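Chain residues, written in single-letter form:
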Amino acid sequence: IYTMQYYSAIKKKEIIKNLEITDTAYGGAGVGRSESGQVIFVQKTVEGDIVEAEIFDDKKSFAFARLIKIVKPSHLRVKPLCSAADICGGCSFAHIDYEAQKNIKKHIVLNQFRKYKHNMPEIKIVESSSKEYRLRATARSRNGKIGFFEHGTNKLVMAEKCPVIKESLYKKMKEFAEINNLSGEIYAIENDEGLSLADIRAESIDYKHIGSFEGVCINNKKYGCSNIAFNTAYGAVQVTHKSFFQANRYLLNDFQEYASSLVSNSLDIVELYAGSGFFTCALMAKGRVEACEYEQVSANLGRQSGYNIKISDSGIFLSKIKKCDCIFLDPPRNGADKKVIEHIKRLHPYEIIYVSCNPITLARDIIRLEEKYKITDFTLYDMYPDTYHIESVVRLQRI
């Protein structure tokens, strides 16, 4: 992230004129080449654009540039639903036609797997509406008014509404910020019943009350409820003010159902990075499940819901497993630890289901397993339309 002060500190500003954007990088930036052959990354552009851009970070072989103007627009461009989309840092693909967004995401994934030695199956993609899909979100507030940072800066763009956030949730976020004259960061989450929690990192606040939230946590001090439940077809999943949870309310149940459906019936299943049990409850319908989660609060919430989730590092947990038929893992963005991969090789289960939010680490981990496994199913869930984020569900089977 580069601040406006960073931009100002650059003494020599190089302008690239008539830069043709020919690709899209993971992270959302359009990619072009200068006349000298240098790769230039420009946010808020898309393949087919011809633009004028200002370099703000020159790494010699490549550079990052700020869009100044569009000389000739791409045929893939559309008018964004949000009037602030051109400057807001939130939706990097809002200016791109949705069919093109899906193709770009498939291309990004395939590019990460270019060194994979087996044949890739067809990559399927499950699409989503971009209207009010987010059931959790983070905004910034200054003197009681909320919005989002302009891309690459700490300049706040005020927003009366956000087209991708559930309207009732954003209304609560605005209300809380205004009532309590908040300056800082506000994260909030709301379930299907309208129950909601917020986590506040306040730089300054004149706290009066929690507004319409069931509970808030302000600089680690809690008021009201500590957790709410998301009801799924397989059981309730509890979340707190700070729990990770999937953000797309339209795809949530389908995502859970599909990922768990890839597991064969009547197997001994080991689940890693289980959180508070979003997949655990569905996996319990498939066979005997041993699950672990490193974060104690999440694991305890899962246990309160009746899911047998051990509090443990995944590598240590897996080292104690003697045999299993299936390993199901949903690691954070940095992927699976090397020790986890080595223990998977040792156990040599019949199948592996890998849920990932980062195609870079997903490809790295699968390539580490390719001597013993090949991909038999690859599905993308577009959990975050209008952004570059990609959620993958991959099934690997023993060779």
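As shown above, the structure is provided for reference.
Sequence order as written defines residue numbering, which begins from 1 separately in each chain. This being a predicted model, a pLDDT of at least 70 is required before a residue's local features are given, and a value of 80 or more before pairs of side-chain atoms are given or counted; all residues contribute to the totals for chains, interfaces and linings. Note that the side-chain values use all heavy atoms of the structure and ignore hydrogens as well as water.

## A few points about the sheet that holds strand 17 (residues 287-293)
In sheet architecture, strand pairing relies on hydrogen bonds along the backbone and comes in two forms, parallel and antiparallel.
So, step 1. Taken in spatial order, the 8 strands of this open sheet run 6-21-22-20-19-16-17-18, and their pairing is mixed. Single-partner strands in this sheet number two, and they are strand 6 (123-126) and strand 18 (309-311). Strand after strand, the sheet turns through a mean of 20° between neighbouring axes, direction not considered.
So, step 2. Here a strand pair is declared whenever DSSP counts at least two bridges between the two strands. Think of it this way: any DSSP run of H or I at least four residues long counts as a helix, any run of E at least two long counts as a strand, and we number them from the N terminus. Note: strand 6 against strand 21 (residues 373-381), 4 bridges, orientation parallel. Note on strand 21: the bridge partner recorded for Lys124 is Thr379.
So, step 3. Contacts: residue pairs with any heavy atoms within 4.5 Å of one another. Orientation is described by axes fitted as lines to C-alpha atoms, over the contacting stretch for helices, and by angles from 0 to 180 degrees between their N-to-C directions. Each of strand 17 and strand 18 is contacted by helix 6 (residues 296-304), which is oriented at about 150° to strand 18, the strand it contacts most.
So, step 4. Contacting strand 20 (351-356), strand 21 and strand 22 (391-398), helix 9 (residues 359-369) crosses the sheet at an angle of about 165° to strand 20.

## Here we look at the packing of helix 8 (residues 338-347) against helix 9
When two helices pack together, their arrangement is given by the angle between the helix axes and the distance between those axes.
So, step 1. Packing of helix 8 against helix 9 brings their axes to within 10 Å, and their N-to-C directions diverge by 35°. Of the two elements, helix 8 crosses helix 9, and the hand of that crossing is right-handed. Each of Lys338, Ile341, Ile344 and Lys345 in helix 8 lies in contact with helix 9, whose residues at this interface are Asp365, Arg368 and Leu369.
So, step 2. The residue makeup of the contact of helix 8 with helix 9, split by class, is 3 nonpolar, no polar and 4 charged. In this scheme the crossing of two helices becomes right-handed for a clockwise turn of the near helix relative to the far one and left-handed for an anticlockwise turn of less than a right angle. Gly is put with the polar residues, along with every residue not named as nonpolar or charged; the nonpolar set is Ala, Val, Leu, Ile, Met, Phe, Trp, Tyr, Cys and Pro, and the charged set is Asp, Glu, Lys and Arg.

## Focus: the nonpolar core
So, step 1. Here, the term nonpolar core denotes a set of buried Ala, Val, Leu, Ile, Met, Phe, Trp, Tyr and Cys residues that are joined through side-chain atoms within 4.5 Å. Accessibility here uses a 1.4 Å probe with only protein chains present; expressed as a share of the type maximum, an area under 20% marks a residue as buried, one over 50% as exposed, and anything in between as partly exposed. Of all hydrophobic cores here, the largest spans 66 residues; its most connected members are Met173, Phe213, Phe245 and Phe328.
So, step 2. By residue number, the principal contributor to this core is helix 3 (residues 167-179), which donates 5 residues.
So, step 3. Discounting residues that sit within four places of it in the chain, Phe245 has contacts with Leu135, Arg136, Ile189, Phe230, Val237, Val239, Leu252 and Phe278.
So, step 4. Formed by 40 residues, the second largest nonpolar core is a distinct cluster that contains Ile108, Leu318, Leu329 and Tyr373.

## Some words on helix 8
So, step 1. When we look at burial in helix 8, the residues that qualify are Val340, Ile341, His343, Ile344 and Leu347. All buried residues of helix 8 project into a common sector of 165° when viewed along the axis, lining one side. Summarising the geometry of helix 8, the exposed residues directed more than 90 degrees from the buried face are Lys338 and Lys339.
So, step 2. At its buried positions, helix 8 is contacted by strand 16 (267-272), helix 7 (314-319), strand 19 (326-329), strand 20, helix 9 and strand 21.
So, step 3. Here a polar contact is recorded for every N or O atom pair within 3.5 Å, except that within protein the pair must consist of a potential hydrogen donor and a potential acceptor, and residues adjacent in sequence are included only if both atoms are side-chain atoms. Where helix 8 begins, the side chain of Asp337 points an oxygen toward the backbone nitrogen of Lys339, at a separation of 2.8 Å. The arc refers to the directions leading from the helix axis to the C-beta atoms.

## Let's talk about the packing of aromatic side chains
What describes a pair of aromatic rings is the distance from one ring centre to the other and the angle between the planes of the rings.
So, step 1. Here a pair means two rings of Phe, Tyr or Trp (six-membered ring of Trp) with centres within 6.5 Å. Their orientation is stacked below 30 degrees between planes, edge-to-face above 60, and tilted elsewhere. Within the structure shown, the criterion is met by 17 aromatic pairs.
So, step 2. Between Phe113 and Phe378, the aromatic rings sit 5.5 Å apart at their centres with planes inclined by 85°, giving edge-to-face as the arrangement. Of this pair, Phe113 sits in the loop between helix 2 (98-112) and strand 6 while Phe378 is found in strand 21, placing the two residues 265 residues apart along the sequence.
So, step 3. Judged by its relative accessible area of 4%, Phe113 falls in the buried class.
So, step 4. Overall, Phe378 belongs to the buried group, its relative accessible area being 0%.
So, step 5. Connected via pairs of aromatic rings, a cluster forms that spans Phe230, Phe245, Phe255, Tyr258, Phe278, Phe279, Phe328 and Tyr381.

## Looking at the environment of Gln43
So, step 1. By the element assignment, Gln43 lies in the loop between strand 3 (39-42) and strand 4 (50-58).
So, step 2. Judged by its relative accessible area of 18%, Gln43 is buried.
So, step 3. With 16 residues separating them in the primary sequence, Gln43 and Gly27 have C-alpha atoms 8.8 Å apart.
So, step 4. A distance of 3.3 Å separates the side chain of Gln43 from the backbone oxygen of Gly27, its partner in a polar contact.

## Topic: the side chain of Ser183
So, step 1. By the secondary structure assignment, Ser183 is in strand 10 (residues 183-190).
So, step 2. Taking relative accessible area as the criterion, Ser183 reaches 7% and is therefore assigned buried.
So, step 3. Not counting chain neighbours up to four residues away, the residues in contact with Ser183 comprise Ser141, Arg142, Asn143, Arg201, Ala202, Glu203 and Ser204.

## Some thoughts on the packing of helix 2 against helix 9
So, step 1. Running from N to C, helix 2 and helix 9 cross one another at 35°; their axes reach a closest spacing of 9 Å. Crossing angle aside, the handedness with which helix 2 passes helix 9 is right-handed. Contact residues: Ile108, Val109 and Gln112 in helix 2; Pro359, Ile360 and Ala363 in helix 9.

## Here's the deal with the pairing of strand 10
So, step 1. Counted residue by residue, strand 10 has 7 buried out of 8 residues, so it is predominantly covered.
So, step 2. By the bridge criterion, 6 bridges tie strand 7 (residues 136-142) to strand 10 in an arrangement that is antiparallel. Bridging from a neighbouring strand, Ala137 pairs with Ala188 of strand 10.
So, step 3. Sheet topology note: the strand 10/strand 11 (residues 196-204) ladder contains 8 bridges and is antiparallel. Residue pairing for strand 11: Glu190 is matched across the bridge by Ser196.
So, step 4. Where strand 10 folds back onto strand 11 in an antiparallel hairpin, the turn is made up of 5 residues, including Gly194, whose phi is positive at roughly 85°.

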